[in-house]
Amino acid sequence: MAEADFLSGLGQIEHILCVASGKGGVGKSTTAVNLALALARSHRVGVLDADIYGPSIPTLLGVAPGARPEIDGKRMVPIRAHGLQCNSMGFLVDQSTAVVWRAPMIISAFNQILKDTAWEELDYLVVDLPPGTGDIQLSLSQAVRVGGAVIVTTPQNLALLDARRGIEMFRKVSVPVIGVVENMNMHICSQCGHAEAIFGAGAGDRLAEDFGVPVLARPALDPAIREASDRGEPLLVADPGHPSNQAWLDLAHAVAAHCGENAPQPAPTISIA
């Protein structure tokens, strides 16, 4: 399919952003949702859940189980939640059913949900990628102009090793890495407010220094974030003035500044040797 034909299905989207991680369990989807909500305070924002195997955006945004996008002609109308346009494989399959697909089926499903969603005009489309450096990441990089990638990690050395691989992958496919989010930076006690770096400290800074990118935000390991996410009402919505939201606002500010200074580049041609 020619690039112009493919992109015609995306509507008017100014910036496409990736939120990625080298491994699962680091809070990538939580970061993607809260980044989108923070940007949506002053921009038109959509969220695409590209995690085919483990879509969690419907739960994080509180979309009712069994909700399905309406069909307009041959295209899916995004579901709206908390002011965001969103689409997810979780809307199209039973979330209790395991998706057991080979790579060609995964790529086909991702490409279809990307181009066949009837996005309205958006300033930002935040794409929540699956963990790792596989088929979806490569397919997205080839198909559209990606404005930048945000890499999510936790302070543990194991997570940082995988985050390094993620940064290297995006650089190989000419997607600019905006920076690193060091999630679960501090544990905040819900009883006394004491902050403790239970996963260690300083690792995100070392990763950022090694690759010459900034640490964009350091969200806390705060029970309030987890509780709000479990309810499908993210903390930015449930309690906009909560101190832990500042990390998401800092992240959105850094991303918007990057997009203002750097126009999205043409989609790269990827060759494998």
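Before reading further, recall that the structure is shown in the block above.
Below or above, wherever it landed, is the structure these notes cover. (Residues numbered from 1 in each chain as written. Predicted model: local features only at pLDDT ≥ 70, side-chain atom pairs only at ≥ 80, totals over all residues. Heavy atoms only, no water.)

Moving on, we come to the sheet that holds strand S5 (residues 79-81). The sheet built from 8 strands is open, its strands ordered S5-S6-S2-S7-S1-S8-S9-S12 with mixed pairing. Each edge of the sheet is formed by a strand with only one pairing partner; in this case those strands are S5 and strand S12 (215-217). Neighbour to neighbour, the strand axes of the sheet diverge by 30 degrees on average, direction disregarded. In the sheet, strand S8 (residues 148-153) pairs with strand S9 (residues 177-182) via 5 bridges, with the strands oriented parallel. Across the sheet, the residue bridging to Ile151 is Val180, located in S9. (Pairing = 2+ DSSP bridges. Helix = DSSP H or I, 4+ residues; strand = E, 2+ residues; numbered from the N terminus. Axes fitted to C-alpha atoms, helices over the stretch in contact; angles between N-to-C directions.)

So, about the packing of helix H4 (residues 103-115) against helix H5 (residues 135-143). Where H4 contacts H5, the axes come no closer than 10 Å and their chain directions differ by 45 degrees. The angle between H4 and H5 falls in the class oblique. Two packed elements cross with a definite hand, and for H4 against H5 that hand is right-handed. Between H4, through Ala103, Ile106, Ile107, Phe110, Asn111 and Leu114, and H5, the contact on the second element is made entirely by Asp135, Ile136, Ser139 and Leu140. Per-class residue counts for the contact of H4 with H5 are 7 nonpolar, 2 polar and 1 charged. (Parallel < 35°, antiparallel > 145°, perpendicular 65-115°, else oblique. Left-handed = near helix turned anticlockwise from the far one by under 90°. Contact = heavy atoms within 4.5 Å. Nonpolar A, V, L, I, M, F, W, Y, C, P; charged D, E, K, R; others polar.)

What follows covers helix H2 (residues 28-39). The end-to-end C-alpha distance of H2 is 16 Å, a good match for the 16 Å that 12 residues give at a rise of 1.5 Å each. Burial of H2 is extensive: 12 of the 12 residues sit out of reach of the surface. The complete set of buried residues in H2 reads Lys28, Ser29, Thr30, Thr31, Ala32, Val33, Asn34, Leu35, Ala36, Leu37, Ala38 and Leu39. (Expected span 1.5 Å × (residues − 1). Buried < 20%, exposed > 50% of the residue type's maximum accessible area, 1.4 Å probe, protein only.)

Turning to the side chain of Asp222, a few remarks are in order. Mapped onto the secondary structure, Asp222 falls in the loop between S12 and helix H8 (223-230). Buried charge Asp222 goes without a salt bridge, the closest partner of opposite sign being Arg226 at 9.0 Å. Separated by 2.9 Å, the side chain of Asp222 and the backbone nitrogen of Ala224 make a polar contact. Aside from chain neighbours lying at most four places away, what touches Asp222 is Ile188, His242 and Ser244. (Lys, Arg positive; Asp, Glu negative; His and termini not counted. Salt bridge = Lys/Arg side-chain N within 4 Å of Asp/Glu carboxyl O. Polar contact = N/O pair within 3.5 Å; in protein donor to acceptor, adjacent residues only side chain to side chain.)

Our next topic: the packing of helix H6 (residues 157-172) against helix H7 (residues 203-211). It is the contact of H6 with H7, at a shortest axis distance of 11 Å, that shows an interaxial angle of 25 degrees. Regarding the angle of H6 to H7, the classification is roughly parallel. Along this stretch, H6 crosses H7, giving a crossing that reads as right-handed. Touching Asn157, Leu160, Ala163, Arg164, Ile167, Glu168 and Arg171 of H6 are Ala203, Gly204, Arg206, Leu207, Asp210 and Phe211, all from H7. Split into classes, the residues belonging to the contact of H6 with H7 amount to 6 nonpolar, 2 polar and 5 charged.

Moving on, we come to unusual backbone geometry. Within the chain, Ser174 stands out as a residue other than glycine whose phi angle is a positive 65 degrees. Tracing the chain through its elements places Ser174 in the loop between H6 and S9. According to the relative accessible area criterion, Ser174 is exposed, its value standing at 51%. Its identity is not glycine, yet Met184 carries a phi of approximately 55 degrees, on the positive side. Its location among the elements puts Met184 in the loop between S9 and strand S10 (187-188).

Let's shift gears to the pairing of strand S1 (residues 13-20). With 7 of 8 residues buried, S1 lies mostly within the body of the structure. Direction of pairing for S1 relative to strand S7 (residues 122-128): parallel, over a ladder of 6 bridges. Bridge assignment links Leu17 to a residue of S7, and that residue is Val126.

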